[in-house]
Amino acid sequence: MMPAPVTALFQSLTRQASGGRPSTQHTAGPAADAIARLGVGMIITAAIVFAVVMVLLVWPIIRGGSTSEDAPRVIDERRWEFRWIVVGGALVPMLILAGVFVFSLGIMRADGVPSSPYEVEVIGHQWWWEVRYPANGFVTANEIHIPVGRPVRIHLRSADVIHSFWVPQLQGKTDAITGQVNETWLQANRPGVYRGECAEFCGLQHAHMSFVVVADAQGDYDAWVANQVRPAAVPTDSSALMGQKVFLSQSCSYCHTVRGTPAGARVGPDLTHLASRRTLGAGALDNSRGNLAAWIENPDRLKPGTKMPPVPLDGATLQALVAYLETLR
Amino acid sequence: MSSTAERLTAIWEPPRSVYSWFATVDHKRIGMRYLVVSFFFLALGGLDAAFMRMQLARPESHLLTPEAYDQLFTMHGTTMIFWYASPMLSGFGNYLVPLMIGSRDMAFPRLNAFSFWTYLLSGMIHYIGITRGIAPHAGWFAYAPLTSSAYSPGYNTEFYTLALLFLAISTTAGAINFIATILTMRAPGMSLNRMPLMMWSTLTTSASIVMSLPALTAALVFLELDRRYGFHFYDPVRGGAPLLWQHLFWLFGHPWVYIIILPATGMVSMMLPTFSRRRIIGYDFVAMATVSTGLIGFGVWAHHMFATGIPHLAEGFFSAASMTVSIPSAVQIFAWLATLWAARRVERTTSMLFIVGFIVLFVIGGISGVMVASVPFDWQAHDTYFVVAHLHYVLIGMNLFPVIAAFYYWLPKMTGRMLDERLGRWNFWIMFIGMNITFFPMHILGLRGMPRRIYTYPGGLGWDRLNLIETWGAYLFALGVLLFIINVVRSQFSGAAAGSNPWKAAGLEWSVSSPPPPYNFVVIPTVASRDPLWDGHNEVGHPREERLLDESKETLGTSVLDAEPDRRLPMPEDTLLPLLLAVAITIVFLGLLFRSMLLGGGGLVAALLLTAGWMWPSNDREVTT
Amino acid sequence: MSGVIAPTDALPPGAGRLPTFGRRSRAPGWWGMVLFCATEVTLFLYFIGSWLYLRGTVTSFGAEGGHHPALGIPLTLTALLVSSSITLRWGERAIRRGDTGRLTAGLVATLVLGAAFLALQAVEYAKQEHVPQADAYWSAFYTITGFHGAHVLLGWLMLAFTLLRHTRGHFTAERHLAVENTALYWHMVDVVWIMIVSALYLAPWLW
Ligand code: HEA
Ligand code: HEA
Ligand code: CUA
Ligand SMILES: [Cu+2]
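In this text the structure is predicted, and so the values were computed from the model without any measurement.

**Some thoughts on the overall build of chain B**
Right, so step 1: Counting its secondary structure elements, chain B contains 21 helices and 2 strands.
Right, so step 2: With the C-alpha coordinates of chain B rotated into their principal frame, the extents come out at 80 × 65 × 50 Å.
Right, so step 3: Counting across all 625 residues of chain B, residues that qualify as buried make up 71%.
Right, so step 4: Counted over contacts in chain B with a minimum sequence separation of 6, partners at least 24 positions apart contribute 80%.
Right, so step 5: Accessible surface, chain B as shown: approximately 19,000 Å² in total, 70% of it carbon and sulfur.

**Concerning a nonpolar patch on the surface**
Right, so step 1: On the surface, L479(B), L482(B), I485(B), I486(B), V489(B) and F493(B) cluster together to form a nonpolar patch covering roughly 550 Å² of accessible area.
Right, so step 2: Locating V489(B) in the fold gives a position in helix α17 (residues 464–494).

**Some details on the coordination of the iron atom of ligand 1**
Angles at a metal have ideal values that depend on geometry: 109.5 degrees with four tetrahedral donors, 90 or 180 degrees with six octahedral donors.
Residue and element names in this part refer to chain B.
Right, so step 1: Of all protein atoms, H390 (NE2) alone acts as a donor to the iron atom of ligand 1, lying 2.2 Å away.
Right, so step 2: A gap of 4.5 Å separates the iron atom of ligand 1 and the copper ion (ligand 4).
Right, so step 3: Looking at the secondary structure, you find H390 in helix α15 (residues 385–415).

**Brief notes about the site of ligand 2**
Residue and element names in this part refer to chain B.
Right, so step 1: Surrounding ligand 2, one finds 30 residues, the nearest of these being R53, Y69, H76, H392 and R453.
Right, so step 2: The separation between a nitrogen atom of ligand 2 and a polar side-chain atom of H76 is 2.8 Å.
Right, so step 3: The contact in question runs from an oxygen atom of ligand 2 to an N or O atom on the backbone of R453, over 2.7 Å.
Right, so step 4: Elements supplying a minimum of two residues to the shell around ligand 2: α3 (27–56), α4 (66–101), α15, α16 (421–447) and α17.

**Considering helix α4 (residues 136–167) of chain C**
Right, so step 1: Here α4(C) spans 46 Å end to end across 32 residues, near enough to the 46 Å set by a 1.5 Å rise per residue.
Right, so step 2: Backbone nitrogen of Y137(C) and a side-chain oxygen of the N-cap are separated by 3.0 Å at the start of α4(C); the cap is D135(C).

**Remarks on the coordination of the copper ion (ligand 4)**
Residue and element names in this part refer to chain B.
Right, so step 1: Those donors, H254 (ND1), H303 (NE2) and H304 (NE2), are the protein atoms that reach the copper ion (ligand 4), and they lie 1.8 to 2.1 Å from it.
Right, so step 2: Mapping the donors of the copper ion (ligand 4) onto the primary sequence gives the spacing H-x48-H-H.
Right, so step 3: Given a relative accessible area of 16%, H303 falls into the buried group.

**Here's the deal with the site of ligand 1**
Right, so step 1: Taken together, 35 residues lie around ligand 1, and W140(B), Y258(B), D378(B), H382(B) and H390(B) are the ones closest in.
Right, so step 2: The environment of ligand 1 is shared, with nearby residues belonging to chains A and B.
Right, so step 3: Between ligand 1 and the protein, one listed contact pairs an oxygen atom with a backbone N or O atom of A373(B) at 3.4 Å.
Right, so step 4: D378(B) is positioned such that a nitrogen or oxygen atom in its side chain is 2.4 Å from an oxygen atom of ligand 1.
Right, so step 5: Elements supplying a minimum of two residues to the shell around ligand 1: α2 (30–62) and α3 (77–110) of chain A together with α8 (242–259), α12 (326–342), α13 (350–373) and α15 of chain B.
Right, so step 6: With 7 residues, α13(B) is the largest single contributor of residues to the shell around ligand 1.
Right, so step 7: In the shell around ligand 1, the residues fall into 24 nonpolar, 9 polar and 2 charged.

**Description of α12(B)**
Right, so step 1: Given a rise of 1.5 Å per residue, 17 residues ought to cover 24 Å, and the 24 Å separating the end C-alpha atoms of α12(B) matches this to within 8%.
Right, so step 2: The buried fraction of α12(B) is high, at 16 of 17 residues.

**Regarding the interface of chain B and chain A**
Right, so step 1: In this assembly, 86 residues from chain B lie in contact with 88 residues from chain A.
Right, so step 2: Roughly 7,500 Å² of surface becomes buried between chain B and chain A when both sides are summed, with 68% attributable to carbon and sulfur atoms.
Right, so step 3: Looking at the side of chain B facing chain A, the largest losses of area belong to W341(B), R344(B) and Q380(B), adding up to 12% of the total buried there.
Right, so step 4: The interface formed by chain B and chain A includes 2 salt bridges.

**So, the sheet that holds strand β7 (residues 171–176) of chain A**
All names here are of chain A.
Right, so step 1: An order of β4-β10-β9-β6-β7 is seen for the 5 strands of this open sheet, with the pairing classed as mixed. In this open sheet, the two strands that pair with only one neighbour each are β4 (143–147) and β7. Across the sheet, the mean angle from the axis of one strand to that of its neighbour is 20 degrees, orientation sign disregarded.
Right, so step 2: Judged from the 5 bridges that link them, β4 and strand β10 (residues 210–216) form a sheet pairing that is parallel.

**Re the nonpolar core**
Right, so step 1: Core analysis: the biggest nonpolar cluster contains 334 residues, and F165(A), F82(B), F92(B), Y234(B), W245(B), F401(B) and W410(B) have the highest contact counts within it.
Right, so step 2: Per-element tally for this core: the top contributor is α15(B), with 21 residues.
Right, so step 3: Excluding residues that lie within four positions of it along the chain, F92(B) makes contacts with L35(B), V97(B), M198(B), M267(B), V403(B), A406(B), F407(B), W410(B) and M414(B).
Right, so step 4: Core analysis: the next-biggest nonpolar cluster, separate from the first, contains 23 residues, L274(A), I296(A), L313(A) and V322(A) among them.

**Structural notes on the environment of Y457(B)**
Residue and element names in this part refer to chain B.
Right, so step 1: Topologically, Y457 is positioned in the loop between α16 and α17.
Right, so step 2: In contact with Y457, other than residues within four places in its own chain, are L56, A57, R58, P59, E60, M450, W463, D464 and N467.
Right, so step 3: Among the polar contacts listed, one links the side chain of Y457 to the backbone oxygen of L56, at a separation of 2.7 Å.

**A short note on the arrangement of the chains**
Right, so step 1: Sorting the 2 pairs of chains in contact by contact count puts chains A and B at the top.
Right, so step 2: There is a clear gap between chain A and chain C: no contact, and 10 Å between their nearest C-alpha atoms.

**Considerations on the pattern of salt bridges**
Right, so step 1: Tallying each qualifying case throughout the model produces 25 salt bridges over all chains.
Right, so step 2: The partner of R279(B) in a salt bridge is E77(A), and the shortest N-O contact between them spans 3.1 Å. You can see R279(B) sitting in the loop between α9 (262–276) and α10 (283–296) and its partner E77(A) sitting in helix α3, one on each of two chains.
Right, so step 3: A residue is classified by how much of its surface remains accessible, and R279(B), at 40% relative accessible area, is partly exposed.
Right, so step 4: What makes E77(A) buried here is its relative accessible area of 17%.

**Thoughts on the packing of helix α7 (residues 197–229) of chain B against α9(B)**
All names here are of chain B.
Right, so step 1: Here α7 crosses α9 at 175 degrees, and the two axes come no closer than 7 Å. Taken together, the axis directions place α7 and α9 in an arrangement best described as roughly antiparallel. For the pair α7 and α9, the contacting residues are L197, M198, S201, T204 and T205 in the first and L262, P263, G266, M267, S269 and M270 in the second.

**Some remarks on the environment of L146(B)**
Right, so step 1: In this fold, L146(B) is placed in the loop between α5 (109–128) and α6 (156–184).
Right, so step 2: Residue L146(B) is classed as buried on the basis of its relative accessible area of 8%.
Right, so step 3: Separated by 431 residues in the primary sequence, L146(B) and L577(B) place their C-alpha atoms 39 Å from one another.
Right, so step 4: Those residues in contact with L146(B) that sit more than four places away from it in its chain are Q126(A), V161(A), F201(A), C202(A), G203(A), A138(B), Y151(B) and S152(B).

**Remarks on the confidence of the model for chain C**
Residue and element names in this part refer to chain C.
Right, so step 1: Summary statistics for chain C give a mean pLDDT of 89 and a share of 91% for residues scoring 70 or more.
Right, so step 2: For the stretch residues 1–15, pLDDT sits under 50, and the model shows 28 contacts to residues farther than four places along the chain or on other chains.
Right, so step 3: Listed scores for the predicted complex are pTM 0.95 and ipTM 0.95.

**Digging into empty space enclosed by the protein**
Over the atoms rolls a probe the size of a water molecule, and in doing so it shows where empty space is left.
Residues and elements named next belong to chain B.
Right, so step 1: Inspection of the entire model under this criterion finds 7 cavities of 30 Å³ or more.
Right, so step 2: What lines the largest cavity is a set of 25 residues, among which S86, L89, S90, F178 and I209 lie closest to the centre.
Right, so step 3: Elements with a contribution of two residues or more to the lining of the largest cavity: α4, α5, α6, α7 and α8.
Right, so step 4: The element best represented in the lining of the largest cavity is α4, accounting for 7 residues.

**Regarding the sheet that holds strand β2 (residues 128–133) of chain A**
Residues and elements named next belong to chain A.
Right, so step 1: Strand order across the open sheet formed by 5 strands is β3-β2-β1-β5-β8, with mixed pairing between neighbours. Only two strands of the sheet have a single partner each, and these edge strands are β3 (138–141) and β8 (182–186). On average, each strand axis in the sheet is inclined to that of its neighbour by 25 degrees, with strand direction left out of account.
Right, so step 2: Relative to β3, β2 is paired through 4 bridges, and the arrangement is antiparallel.

**With respect to the interface of chain B and chain C**
Right, so step 1: Facing 70 residues of chain B, the contacting portion of chain C comprises 59 residues.
Right, so step 2: Around 5,600 Å² of area is buried between chain B and chain C when both sides are counted, 65% of it from carbon and sulfur atoms.
Right, so step 3: At the boundary of chain B with chain C, the tally comes to 0 salt bridges.
Right, so step 4: If you look at where chain B meets chain C, you find 11 residue pairs in polar contact (both at pLDDT 80 or more).
Right, so step 5: Only α6, α7, α8, α18 (545–548), β1 (554–558), β2 (565–570) and α20 (597–615) of chain B provide two or more residues apiece to the side of chain B that touches chain C.
Right, so step 6: It is α7(B) that contributes the most residues to the side of chain B that touches chain C, 11 residues altogether.
Right, so step 7: Looking at side-chain class alone, the side of chain B that touches chain C contains 37 nonpolar, 19 polar and 14 charged residues.

Thresholds applied
Residues numbered from 1 in each chain as written. Chains lettered and ligands numbered in written order. Predicted model: local features only at pLDDT ≥ 70, side-chain atom pairs only at ≥ 80, totals over all residues. Heavy atoms only, no water. Helix = DSSP H or I, 4+ residues; strand = E, 2+ residues; numbered from the N terminus. Buried < 20%, exposed > 50% of the residue type's maximum accessible area, 1.4 Å probe, protein only. Contact = heavy atoms within 4.5 Å. Areas by Shrake-Rupley, 256 points an atom, 1.4 Å probe, with all protein chains shown as cover. Patch = residues over 30% accessible without salt bridge, like charges linked within 9 Å, V, L, I, M, F, W, Y side chains within 5 Å. Salt bridge = Lys/Arg side-chain N within 4 Å of Asp/Glu carboxyl O. Donors = N, O, S within 2.8 Å, 3.2 Å for Na, K, Ca; no water. Near = heavy atom within 4 Å. Polar contact = N/O pair within 3.5 Å; in protein donor to acceptor, adjacent residues only side chain to side chain. Expected span 1.5 Å × (residues − 1). Nonpolar A, V, L, I, M, F, W, Y, C, P; charged D, E, K, R; others polar. Buried area = accessible area lost by both parts, 1.4 Å probe. Pairing = 2+ DSSP bridges. Axes fitted to C-alpha atoms, helices over the stretch in contact; angles between N-to-C directions. Core = buried A, V, L, I, M, F, W, Y, C linked by side-chain atoms within 4.5 Å. Parallel < 35°, antiparallel > 145°, perpendicular 65-115°, else oblique. pLDDT = per-residue confidence, 0-100. 1 Å grid on protein atoms, 1.4 Å probe; cavity = no way out; pocket = protein on both sides within 12 Å on 5 of 7 lines; lining within 4 Å. Points joined across faces, edges and corners; volume = space filled by probe spheres on them.

The following block contains the structure:
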C-alpha cells in the first residue's frame, strides 16, 4: 500500500535494529504488518492535514495588515461560512475520516481469529504469565514458542486482576479479564524472539510482566515441544540431588510444579523446564546462575512486591538448590 | 442624597472582616478562589509529574519505589483531571458568567459558595493519603478488580472513591447553578441566540455534567459497597462483572473530557474575535458544534475498551462515533481560522499567542485521537505512551493553554492590572516548546512499544534517549509555568492599570470598571446584539426602575428564550451556612473513611439540620420565594 | 448595526417595579429542582442500566431466587406511591388558587402514604431470603431499592418540612415555589420507582 521508501523512512524514525525491540513498526507477522501499514498511512494523512491547517493558521497571524482602519472588513459572511466551515470544517474532514474508517474496518475484519491446530492458553497472574499447551499437556511460563508461518490461537484468562497480552511486533493487544476468556492469535513470518508485555496496569510489578514469543522453524518447534513434554530428569550429580531434596522439603513445592517430582502446586510458575527459559521473574532478570541464586534468596529485592516470598537458606543449601534448578532443561 | 452607586455599594459590600471572608457569597470572590485553588492543584499535580519524570529519565532507575510511582501517577492523573482542569474552568465561569450576561450574581449564590467549599475539602480528603504514603494507587480510572478489597486492601483506594463521590456533589451543584443562571438571569434583550458563545459552552458542559457524573457516582457506590460490605458488583465469581466498571467509568469519562475543554473553547471564541477586531464568523455553527460535541460525546465511551474483547460490530460502531465527534471540533477550528482570515490584522498579544498555540496542539491531539479511534491501530496504541501523548496534547493544549490565554486576557479585569507582555512572550515560547519536547516524543515511544504506567523500563529497547529528552522538556515546561506565576505576582505590584476595556472587546464584562464593583452593574444593562460594546447601542433616557434595583440586594430575572424582564430576584446576604454544610458533609465522609458511625451519623444529622436552616426563610423578604 | 432597544418601549406600560414571582417564566429555583431531579433520575438510569447489563451478560445473574420475584408487595408499593403523587398534586393545585386548607390535607395524606410505603418496603426486605452479600443479583437488588428508599425518606422529610412552613403561612396563591419543588421531587421519586419495578420485578416475568 505504502511506497517502500516512505515505510523505510518511517521505520528509521521509530528506530529499530536487532530483534527483541518491541516496536510496532518493525513487524514480523501479518496482523501487525497490516496495522503498521495503516499507521503509516494515517500518519502521512495526518501530516498533510496538519500542514494545511498550520498554513491557514499561521499566515493571517504573521501577515501583518493595516492598523489605521478600525472598522472590520466588509465580507459576505454567508459565503465565508459556507466555504470555510461547511466545506473546510465539515465536508473535507468527513471525507478523510470516512477513508480512515473504511481502511480500518477492512483491517479489523481481516483480523478475525483464524482456525488453527495450534492453541495456547495464556493466563495472566500478578506478575507473570502462565502458558499452557493443552494439546501437548505441558505448562510453562513467560515464554511462548510458536512455529513460524502458522497462526496460533491464544485463549486468554486472568487468575486475578486484568492484564493485557501484547506482542507489538506480531499483534495488537487483547486484555486478559477476570472471569472472561478472550481470544487472539499470533503469527510470525520469520524466526525470532519477540518481546511481549503486559499492557494493562495490574499493580506494583506491572512494569515487570513481560514475556517472550519465540518463533521457531517447524523442526525446532517440534523439538522444543518434545522437550517440554518430558518430565524433569532425575538429577545425577550429588549436589543437584541434594538440591532436589531441598526443593521438595522447603516451601518451594507449596507453590511450584516440577513434573516428575511430588511438587505439583500451581501458585507460581511451572519450573519443570526452568533452565530452558530465557528470563526469570517475567523478564525482570536474565536466567543465569547468579540471578537464580539472588532471586531465591530475596525475590522482593529484585522485583519489589512479587508474590514469591524470600526463602531463607544457608549458602551451601542455596548452591545445591540452584544446581538442581539448573538441571531442569 | 447618595448616588445609586453608593447605595448599591452599601447594599452589596458588607464590611471586610474575617467573618465576611468565610461567609461571602459574591461570585467574583468565589470565582477567584476557584482560580487560585485549582492553580494550586495544577502545581501539585505538576510536582507529581516532576517526580515521575525524574524516575523515568533513565532506564532501571531506582529513585522511586514502585509503590511510590503508582501513587504519583494516580494522584497526578486524578488531581489534574478532577481538581485542576474542571474547577479551573468553573473559576472562570463563576467570575465571568454573571458579568457576561449582565447580572449581579449567580442564581444561587449560597450554593455557589457551597460548591467551592466542598471542592476544596474534597481535594483535601483526596490528599490525606499521600502524607502517609497510602494515596490511591490504581490509576485515574481505577479498574476493578484491581481496586477490590482483595487486591487493594487498605486505605489507598478509599481516598479515591470517597473524595470523588464528595467532589461530585460540588460539581453537580455548580453545574445546576450555571444552567439556572444562564437560563433565567440574562440582561434584557440577550435572547438565546445573542448569548456570548461561552454561555453555549457553559450550558453544554453543565448539562453534560448533570447527565454523566451520575455514571461515576454509580460506579463508585458499587465499588465502595464491594470493598466495604462484601457486595459483588465487580466480582465475576459471584455473578458480577469487572467490565461493568469500565462501561460506567467511560460512560462518565468521555463526556468528562469534553466537559473539561468545551468551556475553554468557549473562552477562545470570546478572545479570538477581540484580537481579530471583528465578530466571529459562524456563530451558529460554533454554538451548534459545541452542543453536538457534548451530545455525541455520550456515544463513544467504548473506544477506551477496544482491547477488552467486545464484539467487532460494537467496536466498529464506537469507532465511527468517535470519528463523527471530530467533525464539530473541525467546524470550530475552521470558524476560528475564517475569523482570523477575515480580520484586517490580528493583534499578536500574549493571549493570542496562547490561542495560536492552543490551535496547534488541538490539531495534533485531535488527530492522534482520530488515529486511536481506528480500532486496529488502537490495538497497538492502546495503553502505550502514544495514548499518554494524545491525552496531554488535548488536555494541556485545549485546557491549560486556553486557561493561560484567559488569564492574560481577563486577569486585568479581575485585578485591574495588566500582565507584562514581554515576559508573556517568554512565557509562551518556553511553555510551547517545553510542551512539545515533553510530549511529542511520547508518540514515538508508544509506537516503539513502551507501555504506560511502568515505573521503570529496561535499557536498550530504543526508549532511553527519548525519555531523557522528555524529562528535560518537562522541566522546561515547568519553568514556563513558573514564569507565568512570576508574571502574575509582578503585575500586582507593577502592572499597568487596566482600565475598564483594555482590549477594546465587545462583551458586557468590559463595560464595568476593573475590578468590577461588588454589584457588577449599577443598572442592569440592555443588549441589542451579540457584541454589545461594538454595536453602538446606548442606553437612552432614564433606566426603568425595574432595571435599577437599588432598594435591596436584588437582581433581575428574565424569560428563558427572549430575556424579557420578568421578576426581581432577591439575593441572599453573606452567610456561614455553605461552609458549615460543607464541613458537615466532610464529617460524613470522614465517618465513612474511618468507619465511624458516630462521625458519619452525627455529620448526617448536622447536614440535614443545616439544610433545613438554609431552606427556612431568614426574613420576610425571603418568604417571597 | 442592529436596532436600539430603548429601555422604555419594550415593556408593557406601568410595569414599574417587578414582583418577585414571575409571570412569563419559571423561577431559577424551579430550574434548580428540575435539574436536580434530572441528575437523580440519571443516576437511577445508570443503576438500572447496570442491572440490565449484568442480566444480559452474566448467565448466573438472578439464578438463585431472582427468576420470578413475588409481585404482591411491589405492586402494592407502586399503588401507594402513585396515589401519594395524586394526593400531592391535588394539594398543590389547591394552593395555586390560595386554598390553604386543601394543601394541608394533600400534604398530610401524602405523608401518610409515604410512611406506609417505607413501612411496607421494610416488610419486603424482611421477607427476602438472601442478603446483599449472596451474589451480584442481591447486591444490586438491595442497592437499587435501598437507594430508592433513601430518596423516599428524603422526599418525606422535605414534605414534612414543607408542611411545617405551611403551618407558618409561608405559602400563597402566588408564592409557593417550595411546594412546587417538593412536589417535583416527590413525583420524580415516584417515576423512578416505576422504572425500578419494571426492571427488577416485572421484566423477569416477561422475558
Ligand atoms: C481534553 C480532553 C480530550 C479530548 C478533547 C479528546 C478528543 C478525542 N479523543 Fe481522546 N482521550 C482523552 C482526552 C481527550 N480526548 C484522555 C484523557 C484519554 C486517555 C484516558 C486514559 O486512558 O487515561 C483519551 C483517550 C482516547 C482514546 C482511547 C485510547 C486508548 O486508550 O486506547 C480514544 C479512542 O478513540 C480517543 C479518541 C478521541 C477523539 C476521536 C477525539 C476527538 O474529539 C478529537 C477531534 C479533533 C480533531 C480531529 C482535530 C481538529 C480537526 C481538524 C484539524 C480537521 C481535520 C481533521 C481530520 C480530517 C482528521 N481518546
Ligand atoms: C490536565 C491534565 C494534565 C496535565 C496538565 C499534565 C501535565 C503533565 N504530565 Fe500528565 N497525565 C494526565 C493529565 C495531565 N498531565 C493524566 C490524566 C494522566 C494519566 C494518569 C494515569 O495513567 O492514571 C497523565 C499521565 C502522565 C504520565 C504517564 C505516567 C505513566 O503512564 O506511567 C506522564 C509521564 O511522563 C505525565 C507527565 C506529565 C508532565 C511532565 C506534565 C507537565 O506538564 C507538568 C508541568 C509542571 C507543572 C505544571 C508544575 C509547575 C509548577 C511550578 C513551577 C510551581 C512550583 C511549585 C510549587 C510552588 C508547589 N503525565
Ligand atoms: Cu499484568 Cu500489567
Ligand atoms: Cu474517550
